[in-house]
Amino acid sequence: MKNSVLGWFAVLSILMIGCNERPENQHRAGYALTFDDRYVEEWTKLRPLLKKYGAKATFYVTQFDSLSPKEVQLLHELTQDGHEIGAHGAAHIRVLDWLRGGGALDDFYKFEIEGELNVMRKAGFRPVTFAHVGGQQTWWTDRRLLRDYFKLLRDVSMTERHLPFITIRQPIFAIDDIYYQFDGSQKVHALLIDQYTNLTRSQLKDGLIRAKNTHSVLMLLGHRPLFTPSEEPYAFSVQLLEEFLQDGQRMGLKSYTMLELVTAK
Ligand SMILES: [Zn+2]
């Protein structure tokens, strides 16, 4: 009897020690997929692929009031799969262009931000993260966007930028701001995977390797999914996305929505 009590005590002690142990790094390395604009029907066709690899994505929707009831229903179906629906502006207005054109800042918040949030809320969505339009932002508009409306703002970075007389290239592992470090940051950048930047599987794999080695999350951004090859620059290859998802799975990486990055405990 005594031996059996001692045995149970030993087992209980081991279990309690196990419960008190905290992993060295609580957050698993991974990737976060984001998609912008209003390609709702095409995004919906990605559902089986995302499901196959256990990947959750964030869809940043703009011009929400122009969506058909069917498209709104499809967005609800995406949320049922665990995907996030974020905000991307009522009319897809670039904030700096708006200000340069003499637009009032208060009107920007009223029409572009609150206008979209109101329409989305009426349709049953509660967006809490926001994607800047056209990569335009200012520190003072960001301050109010974070204070009054959102938990996270996402911008864009590129490995290749085509300027009038020159193309600027950066290796994926050298772009620090596309890796989320779980440091509470609310202003982040995602790497553009559209064909405009000529990304390859091998480059994306380098990005996953950095994320794995640094316990961080590689953030990506695409617009329209291309299920068959085409030259369209602001669209991405679904085949490249699947190769990326395969590599992520082989490396044991976790998929995050953007809200999960800032709320990860
Ligand atoms: Zn956009």
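What comes next is a walk through the structure.

By the secondary structure assignment, Leu96 is in helix α5 (residues 95-100). Residue Leu96 is classed as partly exposed on the basis of its relative accessible area of 25%. In contact with Leu96, other than residues within four places in its own chain, are Gln136, Gln137 and Thr138.

In this section: empty space enclosed by the protein. By the definition in use, this model includes 1 cavity of 30 Å³ or more. Considered as a void within the structure, the largest cavity measures approximately 50 Å³ in volume. Broken down by class, the residue content of the lining of the largest cavity amounts to 6 nonpolar, 3 polar and no charged.

A word on the side chain of Thr34. For Thr34, the location among the structural elements is in strand β1 (residues 30-37). Here Thr34 falls in the buried class, since its relative accessible area comes to 1%. Polar contacts involving the side chain of Thr34 include one to the side chain of Arg154, which spans 3.1 Å. Reaching out from Thr34, the side chain makes a polar contact with the backbone oxygen of Leu220 at a distance of 2.7 Å. Apart from residues no more than four positions distant in its own chain, Thr34 is found in contact with Thr58, Tyr60, Arg154, Ala190, Leu220, Leu221, Gly222 and Met258.

With that settled, consider the packing of aromatic side chains. In the structure shown here, the tally under the stated rule is 14 aromatic pairs. Taking 5.3 Å as the distance between ring centres and 25° as the angle between the ring planes, the aromatic pair formed by Phe35 and Phe236 counts as stacked. Within this pair, whereas Phe35 is found in strand β1, its partner Phe236 is found in strand β12 (residues 235-237), the two being separated by 201 residues in sequence. Comparing Phe35 with Phe236, the two get one shared label, buried. Put simply, the rings of Phe35, Tyr39, Trp43, Phe59 and Phe236 pair up and form one aromatic cluster. The ring of Tyr109 is capped by Arg144, whose NZ or CZ atom sits 4.0 Å from the centre of that ring.

Under perfect tetrahedral coordination by four donors, a metal shows angles of 109.5 degrees; under perfect octahedral coordination by six donors, it shows angles of 90 or 180 degrees. Surrounding the zinc ion are the protein donor atoms Asp37 (OD), His88 (NE2) and His92 (NE2), at 2.1 to 2.2 Å. Between consecutive donor residues of the zinc ion, the sequence gaps follow D-x50-H-x3-H. Here Asp37 is found in strand β1, whereas its partner His92 is found in the loop between β3 (84-87) and α5, with 55 residues between them in sequence. You can call His92 partly exposed: its relative accessible area is 25%.

Time to look at the pattern of salt bridges. This structure, assessed with the given rule, holds 19 salt bridges. Asp247 is the partner of Arg250 in a salt bridge, and the nearest nitrogen-oxygen pair spans 3.4 Å. You can see Arg250 and its partner Asp247 sitting in helix α9 (residues 238-250), 3 residues apart, about one turn around the helix. When its relative accessible area of 63% is taken as the criterion, Arg250 is described as exposed. Its relative accessible area of 3% is what places Asp247 among the buried residues. Each of Arg47, Lys51, Glu77 and Asp81 takes part in a single network of salt bridges with overlapping partners.

Thresholds, definitions, all that
Residues numbered from 1 in each chain as written. Predicted model: local features only at pLDDT ≥ 70, side-chain atom pairs only at ≥ 80, totals over all residues. Heavy atoms only, no water. Helix = DSSP H or I, 4+ residues; strand = E, 2+ residues; numbered from the N terminus. Buried < 20%, exposed > 50% of the residue type's maximum accessible area, 1.4 Å probe, protein only. Contact = heavy atoms within 4.5 Å. 1 Å grid on protein atoms, 1.4 Å probe; cavity = no way out; pocket = protein on both sides within 12 Å on 5 of 7 lines; lining within 4 Å. Points joined across faces, edges and corners; volume = space filled by probe spheres on them. Nonpolar A, V, L, I, M, F, W, Y, C, P; charged D, E, K, R; others polar. Polar contact = N/O pair within 3.5 Å; in protein donor to acceptor, adjacent residues only side chain to side chain. Phe/Tyr/Trp six-rings, centres within 6.5 Å; stacked < 30°, edge-to-face > 60°. Lys NZ or Arg CZ within 6 Å of the ring centre and 35° of its normal. Donors = N, O, S within 2.8 Å, 3.2 Å for Na, K, Ca; no water. Salt bridge = Lys/Arg side-chain N within 4 Å of Asp/Glu carboxyl O.

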